[in-house]
Amino acid sequence: MINKNKVRLMVSMEAIEQNKEGKESLAVCEYRRRDYIGLNMIFTFIFSVFAFGIALLLFFLCKMEYIFDNFDISLITGGGIAVIMLYFLFLIVCEIVTYKIASDRYQEATRMSSRYQKCLKKLADSYKAKE
Amino acid sequence: MESSLIFKTYVNDFYAKYKFILVPIFKFILTFAALMLINMNLGYFEKVNNIIVALFFAFICAFLPQDFMALTLYGLVIVNLIAFSKEIAIVPALLILLLWLVCARFNRKELYVAVLTVVLMNIKIGMAVPVIMGLLGSSLSILPVGSGVIIYYVLNYISKNATTIQNVHDDSMIEKIGYIANQIFENKTMLVMMITFVLCTLIVYLIRKSFLDNAWTIAIVAGILVLLIGPLLGGVLVNVDIDIVSLAIGNISALILGFAVLFFNYSGDYSRVEHVEFEDDNYYYYVKAVSKKKLAAPDKKVKTINSREKSAGEIADFDENKEYEEIIRQAMDEHYKN
């Protein structure tokens, strides 16, 4: 005889495991919250270096003529300080956005994972009860 | 009303059943359309400037992740520009790389939206994209939508002014690059449209997520207003030429497609809203429950009159299989409800 509850539980678990979002959620939940957010923030730091570098290069290409015409120490000093301040501002904004996104993703992944764990526990309990 | 709900149920069931075929078909059509647009507007690289190559890449992109589709298209754009002139290619290539980096870092799942924006803007219905993404996406959808607008105007500028750019500052590479960079970044139309699209996406998203009655409808109307007022205001403030006919076509398409998305994705019946309050040990709950407009599609039952008599064993097997299918169907329904 088919145990309807067991089939129901196994189908729910399989639907989570086979689903793309379910797989991602289960993978995310292998990390602790702090580690997952920290990892994302490290990736964002690396990204911010490249992205700011490209943006700076584009700005330099736009203002190349002005820079070559007015090239002196004060321009280098002032420009350097402005670039450093802008980079830190850009980095802070990116890290705040990453923190928010990673927190939301982890929360969503935890929700899906807890649903999976509940089904697993019920299934394990049904096997124990049978024994 | 009932027939529209039945039609909607059939369409949703059809999509759920054949999603594994429909999604690759959509990706194929989008990639092919984008490649043909690249070939028509740029087409400087002879080896990829034909329909066979476009079909080949579209076929591959249909079965690979959407990251690959965006990378392929951006790569082909840069290759076309390099084939025309290396100096012209530098600034657009860096800009496309920057936009791809930003979208890939924060909103990788919607990279295809930038491609979709470019394609739809070429056929004058690009204004539907911010409304649709505001309804279906998240606040991060502003990144691919904004990127799509920028890439469209950059490609548009280069395709229309290629010969002029080639002849300007012919002897100095640095001056030519500086000229191109200035022309791209000082394009006020691009700036106005990008701000309009981003604002529209944000406003539609925020209103849609709010607890207002008929939030989706209000969001669409608000989005259309932003799409109307934004370019006109930009035209007045920064002296930008706006094509009124394109604006009208864009807004009408946004309205039609917005309500189509609303019809297929949301079926709240605001005439039967319930407000409930309850509490548990940790929280007080104030819940607004909006019932769904639902109508089950009629099942067709086929009755065979002259069926042969079955043995007892066959009948038992048939019943057990039927029971097994019913259990699985119920379990899947419960899973998708949750």
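See the structure shown above.
Within the secondary structure layout, Ser-25 of chain A lies in helix H2 (residues 20-28). Other than its neighbours up to four places away in sequence, Ser-25 of chain A contacts Ala-109 and Met-112 of chain A.

Taken together, the contact pairs 29 residues of chain A with 29 residues of chain B. Across the pair Lys-109 of chain B and Glu-24 of chain A runs a salt bridge whose closest N-O atoms are separated by 3.8 Å. Across the chain A-chain B interface, the total number found is 3 residue pairs in polar contact (both at pLDDT 80 or more). Where the side of chain A that touches chain B is concerned, the elements lending two or more residues are helix H1 (4-18), helix H3 (33-62), helix H4 (64-69) and helix H5 (73-130) of chain A. A per-element tally of the side of chain A that touches chain B places H3 of chain A first, with 12 residues. Its residues assigned to classes, the side of chain A that touches chain B shows 20 nonpolar, 4 polar and 5 charged.

Here the focus is the pairing of strand E1 (residues 268-279) of chain B. All names here are of chain B. The pairing of E1 with strand E2 (residues 284-292) spans 8 bridges and is antiparallel. The residue bridging Glu-274 from the neighbouring strand is Ala-289, located in E2. Counting the residues between successive antiparallel strands, the hairpin from E1 to E2 contains 4 residues.

As a further point, take the side chain of Lys-8 of chain B. Residue and element names in this part refer to chain B. Inspection of the secondary structure puts Lys-8 in helix H1 (residues 2-41). Comment: no salt bridge for buried Lys-8; closest opposite-charge side chain is Asp-13, at 11 Å. The residues touching Lys-8, leaving out its near neighbours within four places in the chain, are Phe-263, Phe-264, Tyr-266 and Ser-267.

Let us now look at the packing of H1 of chain B against helix H5 (residues 112-122) of chain B. Residues and elements named next belong to chain B. Taken N-terminus to C-terminus, the directions of H1 and H5 make an angle of 55°; their axes are 10 Å apart at the nearest point. Comparing the axis directions of H1 and H5 gives the class oblique. The hand of the H1/H5 crossing is left-handed. Across the interface between the two elements, Leu-30, Ala-33, Ala-34, Leu-37 and Asn-41 from H1 touch Tyr-112, Val-115, Leu-116, Val-119 and Asn-122 from H5. Of the residues contributing to the contact of H1 with H5, the split by class is 8 nonpolar, 2 polar and no charged.

The rules we used
Here the residue index of a chain counts from 1 through its sequence in written order. Here chains are named by letter from A upward and ligands by number from 1 upward, in the order in which they appear as written. Two thresholds apply to this predicted model, a pLDDT of at least 70 for residue-level local features and 80 or more for giving and counting side-chain atom pairs, whereas whole-chain, interface and lining totals are computed over all residues. The side-chain quantities take in all heavy atoms of the structure and omit both hydrogens and water. Only DSSP runs of H or I with at least four residues qualify as helices, and only runs of E with at least two residues qualify as strands; both kinds are numbered from the N terminus onward. By definition in these notes, contact holds between two residues if any of their heavy atoms fall within 4.5 Å. Definition used for salt bridges: Asp or Glu carboxyl oxygen within 4 Å of a side-chain nitrogen of Lys or Arg. A 3.5 Å cut-off defines polar contacts: any pair of N or O atoms within that distance qualifies, except that in protein one atom must be a possible hydrogen donor and the other a possible acceptor, and neighbouring residues in sequence count only when both atoms are side-chain atoms. Under this grouping Gly is polar, as are all residues other than the nonpolar Ala, Val, Leu, Ile, Met, Phe, Trp, Tyr, Cys and Pro and the charged Asp, Glu, Lys and Arg. Should DSSP find at least two bridges between two strands, the strands are taken to pair. Partly exposed residues are those whose accessible area sits between 20% and 50% of the maximum for their type, while under 20% is buried and over 50% is exposed, using a 1.4 Å probe and protein chains only. Counting rule for charge: Lys and Arg are taken as positive, Asp and Glu as negative, and neither His nor the chain ends is counted. Between N-to-C directions, angles cover 0 to 180 degrees, with each direction set by a line fitted to C-alpha atoms, over the stretch in contact for helices. Note on terminology: angles under 35 degrees are roughly parallel, angles over 145 are roughly antiparallel, angles of 65 to 115 are roughly perpendicular, and the others are oblique. Handedness of a crossing is defined here by the sense of rotation of the near helix relative to the far one, left-handed for an anticlockwise turn of less than a right angle and right-handed for a clockwise turn.

It is worth stressing that arrangement in space is one thing and function is another; only the former is reported here.
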